[in-house]
Amino acid sequence: MTADPSAVAAAHQVLTHLGVTVADLQAHPSAQAALPTVAEYLPRVLAAAGPGARRTYGTYWERMAATWPDRPLDGVAASDIEALKQLMMASAVSRRNSRNGRHAGEHVVAAARAFYTRAIADGLIDASASPAHRVAKPRRLPSTRRALTTHELEEINIEARTSGKDVILDALVLRLHTETACRRGGALALRLVDLDTINGLVRLTEKGATIRWQPITLDLAEHLYEHARARGAVLLTDALLRNRAGQPITSRRYDHLWKRLGERLPWVAVHGVSTHWLRHTTLTWVERHFGYGIARAYAGHTDSPGSSTTTYIKADLHDVANALSAMTGQPHPLARLIDRADRCSQASGAVSPTTK
């Protein structure tokens, strides 16, 4: 809407009479609401973030608030965030699979962008004023993860079953991840209600709150049910995986497991083998023997963005069950009987990632 020229002229006369310019009005503190400081705004960002974002970015958000506690949101420059990125990269803990702090630097920028994206959404600053979005992320290097060989996977399973204080739990965890290719979060979220022992299925809740039913062998389904019941799971909402004291396991269980395996199998520690390597192993096998579409469904990537071709490359639960059946050598209730013999014959002689 265009202002009335006569009104504009009248306003200028008033300002001239008062000895005030437009710049004076814009610069005066009372002319605009004061922006919150980084420290003041942090609780709002934390409250609006999901569990995954808090876990990934929380440390970096707190570091931002500690570094610039009294600076308003528009008082942080792109060079300040760049300096924090360099500092965090230089002070990152060195591990066997470290990449000179690149991951820390990437997380600093991603956390700052998430922080300022919230400020933009709240109308506190303009999108063009975000300093975080003017800082480049370190280029992500190709992953060093790979599919494990049959011998390597067998070594890992043997050590898990013959060492440690809870070999039953460790063996179940490794088998669950090998059969389903699920992530740690998906396994930790499993409840008694998520287990279908009749149809050989588990309901996985993973990244982005995605939910899918994933086939498992009837043998594993029965062992998971017996494990949960024997360790105190009664209500349908009770956790499925539990320690010897009957408490639901946490991510610390995985940390201890791989630390122990790394101590007994030096190559595990040298290469930084983790649970995600099991996902790589299973999905690589499925892709090699059943194709990209079924591997994509097996991984739970059916809704992920990709080229237009992926619109037509789709697989259903029965296709995933076929792949599982061929991989494990065990029949599955949801595998298509017509396809099962063909698929098993195609996969005969192939190296399976599962260990019986």
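Each remark here, short or long, concerns the structure printed above.
Residues numbered from 1 in each chain as written. Predicted model: local features only at pLDDT ≥ 70, side-chain atom pairs only at ≥ 80, totals over all residues. Heavy atoms only, no water.

By size, the foremost hydrophobic cluster in this structure holds 27 residues, and its most contacted members are Val38, Trp61, Met64, Leu73, Ile81, Phe115 and Tyr116. Of all the secondary structure elements, the ones that give two or more residues to this core are helix H3 (38–48), helix H4 (51–67), helix H5 (78–90) and helix H6 (102–121). Considering every element that reaches this core, the biggest residue donor is H6, with eight residues. Residues in contact with Tyr116, not counting those within four places in the same chain, are Met64, Leu73, Val76, Ile81, Ile125, Ser130, Pro131 and Ala132. Counting 21 residues, the second largest nonpolar core, distinct from the first, contains Leu169, Cys182, Leu204 and Tyr254. (Core = buried A, V, L, I, M, F, W, Y, C linked by side-chain atoms within 4.5 Å. Buried < 20%, exposed > 50% of the residue type's maximum accessible area, 1.4 Å probe, protein only. Helix = DSSP H or I, 4+ residues; strand = E, 2+ residues; numbered from the N terminus. Contact = heavy atoms within 4.5 Å.)

Quick look at the pairing of strand S3 (residues 211–215) now. Looking at chain direction, strand S2 (residues 201–205) and S3 are connected through five bridges and run antiparallel. Bridge pairing in S3 links Val202 to Gln214. Taking the residues between adjacent antiparallel strands as the criterion, S2 and S3 are bridged by five residues, where Gly208 takes a positive phi near 70°. (Pairing = 2+ DSSP bridges.)

In this structure, Ala181 takes a positive phi of about 60° despite not being glycine. Within the secondary structure, Ala181 is located in the loop between helix H8 (167–180) and helix H9 (184–188). On the basis of relative accessibility, which here comes to 0%, the residue Ala181 falls in the buried class.

It is worth spelling out helix H15 (residues 317–328) at this point. Between its first and last C-alpha atoms H15 spans 16 Å; for twelve residues at 1.5 Å apiece the expected length is 16 Å, and the two agree. Among all positions in H15, only Asp319, Val320, Ala321, Asn322, Ala323, Leu324, Ser325, Ala326, Met327 and Thr328 are buried. Looking at where H15 begins, the residue whose side-chain oxygen comes 3.1 Å from the main-chain nitrogen of His318 is Asp316. Of the residues one or two after H15, Gly329 is the one with positive phi, at around 75°. (Expected span 1.5 Å × (residues − 1). Polar contact = N/O pair within 3.5 Å; in protein donor to acceptor, adjacent residues only side chain to side chain.)

Evaluated as defined, the whole model comprises one cavity of 30 Å³ or more. Along the walls of the largest cavity sit Ala187, Leu188, Leu190, Ala239, Leu240, Leu241, Pro248 and Ile249, which together make up its complete lining. Tallied by class, residues from the lining of the largest cavity come to eight nonpolar, no polar and no charged. (1 Å grid on protein atoms, 1.4 Å probe; cavity = no way out; pocket = protein on both sides within 12 Å on 5 of 7 lines; lining within 4 Å. Points joined across faces, edges and corners; volume = space filled by probe spheres on them. Nonpolar A, V, L, I, M, F, W, Y, C, P; charged D, E, K, R; others polar.)

In this section: the side chain of Thr282. If you trace the backbone, Thr282 turns up in helix H13 (residues 275–290). Using a relative accessible area of 0% as the deciding quantity, one classes Thr282 as buried. Non-local contacts of Thr282, meaning those with residues more than four positions away in its chain, are made with His177, Thr178, Glu179, Ala181, Tyr298, Met327 and Pro353.

So, on to H4. Between its first and last C-alpha atoms H4 spans 24 Å; for 17 residues at 1.5 Å apiece the expected length is 24 Å, and the two agree. Largest kink in H4: about 60°, centred on Tyr57. As for H4, its buried residues are in contact with H3, H5 and H6. (Bend = angle between axes of the 7 residues up to and from the residue.)

A pair of packed helices is characterised by two quantities: the angle between their axes and the separation of those axes. Contact geometry for H8 and helix H11 (residues 251–264): axes closest at 12 Å, N-to-C directions at 95°. With respect to H11, the axis of H8 lies roughly perpendicular. Residues Leu169, Asp170, Val173, Leu174 and His177 of H8 lie in contact with H11, whose contacting residues are Arg253, Tyr254, Leu257, Trp258 and Arg260. Looking at the contact of H8 with H11, its residues break down into six nonpolar, one polar and three charged. (Axes fitted to C-alpha atoms, helices over the stretch in contact; angles between N-to-C directions. Parallel < 35°, antiparallel > 145°, perpendicular 65-115°, else oblique.)

With that settled, the discussion passes to the packing of aromatic side chains. The full count for this structure, using the stated rule, is four aromatic pairs. Taking the centre distance of 5.6 Å and the plane angle of 85° together, the rings of Tyr41 and Phe115 count as edge-to-face. With Tyr41 in helix H3 and Phe115 in helix H6, the pair connects residues that are 74 residues apart, well separated along the chain. What makes Phe115 buried here is its relative accessible area of 0%. Judged by centre distance (5.8 Å) and plane angle (55°), the ring pair of Tyr57 and Trp61 falls under tilted. Linking Tyr57 with Trp61, this pair stays in helix H4, spanning four residues, or about one helical turn. With a relative accessible area of 2%, Trp61 lands in the buried category. Members of the aromatic cluster, each reached through a chain of ring pairs, are Tyr41, Phe115 and Tyr116. (Phe/Tyr/Trp six-rings, centres within 6.5 Å; stacked < 30°, edge-to-face > 60°.)

What follows is about the sheet that holds S2. Within the open sheet, the three strands sit side by side as S1-S2-S3. Their pairing is antiparallel. Looking at which strands have only one partner, the edges of the open sheet turn out to be strand S1 (195–196) and S3. Against the sheet, H15 makes contact with S2 and S3, and its axis sits at roughly 40° relative to S3, the strand it touches most.

Should the charged atoms of two oppositely charged side chains come close, the side chains can pair. Going through the model one piece at a time under the given rule, you end up with 17 salt bridges. Arg71 serves as the salt-bridge partner of Asp80, at 2.6 Å between the closest nitrogen and oxygen. Looking at Arg71, the relative accessible area reads 31%, which means it is partly exposed. Glu152 is the partner of Arg146 in a salt bridge, and the nearest nitrogen-oxygen pair spans 2.9 Å. Residue classification places Glu152 among the buried positions, given a relative accessible area of 13%. What emerges from the salt-bridge pattern is a single network uniting Asp170, Arg253 and Arg260. (Salt bridge = Lys/Arg side-chain N within 4 Å of Asp/Glu carboxyl O.)

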